[in-house]
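# Examining the three-dimensional arrangement
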Amino acid sequence: MTHTNHRRGSHDSLTHDYVVLAMVDPAVPAQHTYCGSLSERVHRLYQILAKHEPVALNGKDTLRKRYLQYWEPEQDSGVHQSATIPEVTSCTKMESVTHAVYTNKEAVQTVLSALREADLGISIVVSGRFDDVFEICQKSGLMPHTVNMSLGTWGKTERLPPRSVLELCTMCGHAVISRRLVEKMIAQIKQGTINSRKAAVELGKQCTCNIFNTVRGRALLQKTARA
Amino acid sequence: MQIDENKCIKCQTCFPYCPVDAIQIGRAGVFIDQNLCVECAACLKSGACAEQAIYQPTLKWPRILRAQFSDPLVTHPITGISGRGTAEMKTNDVTKRFIEGELGFAIEVGRPGISTSFADVEQIAQALASHVEFEPLNPVTRLLDPETGKFRDEIILNERVLSAIIECKTTVSQGLSVLHRLKTVASTLETVFSLCVISRCQGFDIPFKGVMEAAGFHPRMNGKTNVGLGRPLQ
């Protein structure tokens, strides 16, 4: 499960894209019982993740709760139902993983410092530029434990869509945002039949893991539509 | 996935929601190409069809594999978690799945968005068998003979999935050999794969990164970092 890896983009664009993933391993009972009730620790986790303006955040109560910046209920469709940040932070359950997406490293640093202090025992993985993430670790008093490096895409790469489309599609690691939907959104922005915020949400809500960065997505859509 | 032709009004609104272009229109109307469809259910979940003409019939073996590997909301019966692989390095601080001196590889065949047959997955697994240790909890491994890299049941070879992840590990000293094997097999595939290399850190250093770069394999500037907050720490 490597869904927060392989996000494409330029040096500058990736400066605005960090995914903080939290996981409790099903096979490690000691992590579930570390320092008391897991539900209390999960609740605290959501509060910390929510405090520093994530552009995406998901949690679980009886249902999966998904917050994405710009997503208004009028764009709900199918299984894709929007939630507010308070609705997410009221959750006390966690699916196998939960995520928060941020657009600046200062926010991630503050989140990591708070998580270090809270000592929740939950494993945390940050996806983003290694130089930035290592700097964040240093400033937060943390030591990187293990890395997962992307060596890119191999094989019949001529079958891939153009870079501008891939930068948007690869923000969903399970690849359920199709190139045709990206191309449709770009075309509609050009025609003026949808604005870039709504187009970013239409793409982002297809990613049920909720790791699509709608702020970065909007900027990429605007740039491509202008080109 | 299937389309109920009695409900479909041929508006084609659902077309762009399919990641593999399986929804098509012919003389008889709109249909889903059953060979291309990977059962990810993205079309159904999108709510694009106002007529509720899209539905998922009960899937049987081996077609059920398509949904298990393609739909992120389906909890995989092998791993017990949603998604196509294991926790890999995400919880390495508490599992010690990868210790110092070892490297992990995650070869996600079909990603991003091209999809794959299990025949292509098998080609890669065969190229790596006997040179790596396949991850025992990984869904692809459970279908393989780890000695040969061949799937135990040939019937699955033509099944298509959005992606399937081969997870394995080897020693640092064998790492470049694995990369060269992957480079060779990559040229024989009908699809693509996205490649991950997992390594323990030594302080703020990633020793194998320099080894790869010296050999012409250049990691991207961004990736995943486990920051060591899991407890009890291993």
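Residues numbered from 1 in each chain as written. Chains lettered and ligands numbered in written order. Predicted model: local features only at pLDDT ≥ 70, side-chain atom pairs only at ≥ 80, totals over all residues. Heavy atoms only, no water.

## Some words on the nonpolar core
If you look at the biggest cluster of nonpolar residues, it comprises 54 residues, and the most contacted ones within it are Leu168, Val182, Leu203 and Leu221 of chain A together with Ile3 and Ile23 of chain B. At the level of elements, α7 (163-169), α8 (179-191), α9 (196-204) and α10 (214-226) of chain A together with β3 (29-32) and α1 (42-46) of chain B are the ones that each hand at least two residues to this core. When residues of this core are assigned to their parent elements, the largest contribution, five residues, is made by α8 of chain A. Not counting the four nearest positions on each side in its chain, Leu203 of chain A is found in contact with Leu168, Ile177, Leu181, Val182, Met185, Phe212 and Leu221 of chain A. Counting residues in hydrophobic clusters, the runner-up holds 45 residues, among them Phe134 of chain A together with Val121, Leu143 and Ile156 of chain B. (Core = buried A, V, L, I, M, F, W, Y, C linked by side-chain atoms within 4.5 Å. Buried < 20%, exposed > 50% of the residue type's maximum accessible area, 1.4 Å probe, protein only. Helix = DSSP H or I, 4+ residues; strand = E, 2+ residues; numbered from the N terminus. Contact = heavy atoms within 4.5 Å.)

## Considerations on the domain arrangement of chain B
Residues and elements named next belong to chain B. For chain B, the domain assignment lists domain 1 (1-57) and domain 2 (77-214). The gap between the C-alpha centroids of domain 1 and domain 2 is 32 Å. Between domain 1 and domain 2, roughly 430 Å² of surface is buried when both sides are summed, and carbon and sulfur atoms account for 66% of that area. On the surface where domain 1 and domain 2 come into contact, there are zero salt bridges. At the junction of domain 1 and domain 2, the tally comes to zero residue pairs in polar contact (both at pLDDT 80 or more). Here the side of domain 1 that touches domain 2 is composed, by residue class, of five nonpolar, one polar and no charged. (Domains from an automatic or database assignment. Buried area = accessible area lost by both parts, 1.4 Å probe. Salt bridge = Lys/Arg side-chain N within 4 Å of Asp/Glu carboxyl O. Polar contact = N/O pair within 3.5 Å; in protein donor to acceptor, adjacent residues only side chain to side chain. Nonpolar A, V, L, I, M, F, W, Y, C, P; charged D, E, K, R; others polar.)

## A look at the pattern of salt bridges
According to the stated counting rule, one finds 23 salt bridges over all chains in the structure shown. Glu135 of chain B serves as the salt-bridge partner of Arg97 of chain B, at 2.9 Å between the closest nitrogen and oxygen. You can see Arg97 of chain B sitting in the loop between α3 (92-95) and β5 (102-109) and its partner Glu135 of chain B sitting in the loop between β7 (133-134) and α5 (139-143), a full 38 residues away along the chain. A residue is classified by how much of its surface remains accessible, and Glu135 of chain B, at 12% relative accessible area, is buried. Because the salt bridges share partners, they merge into one network encompassing Lys105, Arg129, Asp131, Asp132, Glu135 and Lys139 of chain A.

## Regarding the side chain of Asp132 of chain A
Residue and element names in this part refer to chain A. By the secondary structure assignment, Asp132 is in helix α6 (residues 130-140). Looking at Asp132, the relative accessible area reads 5%, which means it is buried. With residues up to four places along the chain from it excluded, the contact list for Asp132 reads Tyr18 and Lys105.

## What about the interface of chain B and chain A?
Listed by partner, the interface residues are 76 residues for chain B and 76 residues for chain A. Of the roughly 7,100 Å² buried between chain B and chain A on both sides combined, carbon and sulfur atoms contribute 62%. Applying the counting rule to chain B against chain A returns two salt bridges. The partner of Asp21 of chain B in a salt bridge is Arg180 of chain A, and the shortest N-O contact between them spans 3.3 Å. Where chain B touches chain A, the interface holds 36 residue pairs in polar contact (both at pLDDT 80 or more). Mapped onto the side of chain B that touches chain A, the elements with two or more residues apiece are α1, α3, β5, β11 (164-171), α6 (175-186), β12 (192-200), α7 (207-214) and β13 (222-226) of chain B.

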